[in-house]
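# Structural features, examined
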Amino acid sequence: MYDVIIIGAGPAGITASLYTQRGNLKTLVLYNEKSGLEKAEHIENYYGFENGISGEALYKIGIEQAKNIGVDVIKEEVTKVENNIDYFKIVTPRGEYTSKVLILSTGNKKNKPKIKGIEKFEGKGVSYCTICDGFFFRNRSISVIGSGNYAVSETNELINIANDITILTNGEKAPEIRADNVNIDTKKIEEIIGENKVEGVKFKDGTEIQTDGIFIAQGVAGSADFAKKLGIITNKDNIVVNANMETNVKGIFACGDCTGGLLQVSKAVYEGAKAGLEAIKYIRKNNK
Amino acid sequence: MAVLKITQENFEEEVSKSNIPVIIDFYADWCGPCKMMSPIIDNIAEELGESVKVGKVNIDDNKNLAMQFGIMSIPTVIIFKEGKAEKTFVGLRDKEEILNGLK
């Protein structure tokens, strides 16, 4: 078991790992998607670089720096996170990892697809949380919007609950999944239809399917997706933390762009440092 | 005020006929985020005293109530005023947001 698992390898996550590893805690950083930092062409407002530096270079240096002091930094997509009270279980397509503390630093990317009707039907058939709401669709026909590993993971959560599931890729390539009650439809979606609750999906080509519920699992799971399943309080999809970077869930910290506020490297570095130091205190205090 | 256990049997008496606003938390025992909502609701009940009624509905034991209010996602918190569902919050919310909903 790791002492600390950090999801996200941007400046917040990597800085947290520098502190926890140097604090003698066995630390793993898991990352997958392109970081917000990598997309910054040239950074001139961060301390210590006389000619500025590209976001991509700074990102790579950070990962190497963490590896050099012994942090395990692994490129694997996290599809599921479980809070088992004594420890956290982190699932990737390749396997599982466990830790005593979890630090979320997944950036501020929002995964909500821009499809007409999604917001209107939130809580009325549109859900972001299979483990919370799957129950409502027992033996019904449901859909999952998404096409990647996360969509497959969410579909697997629902396979034994729903009567049948249709994965709607919305124009993306179909994922690989084999189950008798799972179909895949790659057509582009026009809108979600229904009176007071979800009744179906209309595609751009004018055809429709009936569905009782829609679970959103587009792209790679981000902080807001994990937060919903773990019971972490968010505000407009930003994770709510206190001054110690603690969330409302014991043992889970968050730092960097996923907590909202200034989307700057300097703010992410501060929050990462604070989360790392507080994680060390937490583990020592709880004698873990 | 104590947090009331609301059921199909006492809903009319405690919620429909209430002359003060009622905050109801629809939850289930197996739902992780509901466990996080629960202390927030307790805290609201403590803070607001006698001005507002606060209750919880276990949706497994009270399926008719869950159906009546179209609950398809939990936790869901509904604020009732004069017996009518005035405001609905789907998903985990912080205390402030729910208190703002009372205004």
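Since the structure is predicted, the reported quantities are computational estimates derived from the model, not experimental observations.

### Focus on the state of the cysteines
All chains considered together, the criterion is met by two disulfides over all chains. Here A:Cys129 connects covalently by a disulfide to A:Cys132, the sulfurs 2.1 Å from one another. The sign of the S-S torsion, about 60°, decides the handedness of the disulfide formed by A:Cys129 and A:Cys132: right-handed. Accessibility assignment for this pair places A:Cys129 and A:Cys132 in one class, buried. The disulfide partner of B:Cys31 is B:Cys34, and the S-S distance across this bridge is 2.3 Å. With the S-S dihedral at roughly 85°, the linkage between B:Cys31 and B:Cys34 falls on the right-handed side.

### So, the environment of B:Lys103
Tracing the backbone shows B:Lys103 in the segment after α4 (95-102). Since its relative accessible area comes to 77%, B:Lys103 is described here as exposed.

### A short note on the packing of helix α1 (residues 11-22) of chain A against helix α6 (residues 265-285) of chain A
All names here are of chain A. The contact between α1 and α6 brings their axes to 7 Å, and the two run at 35°. In this structure, the crossing between α1 and α6 has a hand that is right-handed. Of α6, the residues touching α1 (which contributes Pro11, Ala12, Thr15, Ala16, Tyr19 and Thr20) are Val265, Ala268, Val269, Gly272, Ala273, Gly276, Leu277, Ala279 and Ile280. Looking at the contact of α1 with α6 residue by residue, the class counts come to eleven nonpolar, four polar and no charged.

### Section: the packing of aromatic side chains
Residues and elements named next belong to chain A. Inspection of the entire model under this criterion finds ten aromatic pairs over all chains. Here the aromatic rings of tyrosine 31 and tyrosine 59 are separated by 6.5 Å at their centres, their planes lie at 75°, and the arrangement is edge-to-face. On the criterion of sequence distance, the pair formed by tyrosine 31 in strand β2 (residues 27-31) and tyrosine 59 in helix α2 (residues 55-68) is long-range, its members being 28 residues apart. Neither tyrosine 31 nor tyrosine 59 differs from the other in exposure class; each is buried.

### Quick notes on the pattern of salt bridges
Residues and elements named next belong to chain A. Per the counting criterion, the structure on display carries 23 salt bridges over all chains. With a shortest N-O distance of 3.0 Å, arginine 94 and glutamate 76 are connected by a salt bridge. Of this pair, arginine 94 sits in the loop between β5 (88-92) and β6 (95-104) while glutamate 76 is found in the loop between β3 (72-75) and β4 (80-83), placing the two residues 18 residues apart along the sequence. Two residues, glutamate 122 and lysine 112, come together in a salt bridge whose shortest N-O distance is 3.1 Å. Pair noted here: glutamate 122 is in the loop between β6 and β7 (126-127) and lysine 112 is in the loop between β6 and β7, with a separation of ten residues, a long-range link. Judged by relative accessible area, lysine 112 falls into the partly exposed class, the value being 32%.

### Thoughts on the domain arrangement of chain A
Residue and element names in this part refer to chain A. The domain architecture assigned to chain A consists of domain 1 (2-110 + 221-285) and domain 2 (126-216). Using C-alpha coordinates to define each centre, domain 1 is positioned 30 Å away from domain 2. Listed by partner, the interface residues are eight residues for domain 1 and ten residues for domain 2. When domain 1 packs against domain 2, the two sides together hide about 820 Å² of surface, and 55% of this comes from carbon and sulfur. Considering only the surface of domain 1 that becomes buried against domain 2, Thr79, Lys228 and Lys229 emerge as the three largest contributors, covering 59% of it. At the surface where domain 1 touches domain 2, the tally comes to two salt bridges.

Procedures and definitions
- Residues numbered from 1 in each chain as written.
- Chains lettered and ligands numbered in written order.
- Predicted model: local features only at pLDDT ≥ 70, side-chain atom pairs only at ≥ 80, totals over all residues.
- Heavy atoms only, no water.
- Disulfide = S-S within 2.5 Å.
- Buried < 20%, exposed > 50% of the residue type's maximum accessible area, 1.4 Å probe, protein only.
- Helix = DSSP H or I, 4+ residues; strand = E, 2+ residues; numbered from the N terminus.
- Axes fitted to C-alpha atoms, helices over the stretch in contact; angles between N-to-C directions.
- Left-handed = near helix turned anticlockwise from the far one by under 90°.
- Contact = heavy atoms within 4.5 Å.
- Nonpolar A, V, L, I, M, F, W, Y, C, P; charged D, E, K, R; others polar.
- Phe/Tyr/Trp six-rings, centres within 6.5 Å; stacked < 30°, edge-to-face > 60°.
- Salt bridge = Lys/Arg side-chain N within 4 Å of Asp/Glu carboxyl O.
- Domains from an automatic or database assignment.
- Buried area = accessible area lost by both parts, 1.4 Å probe.

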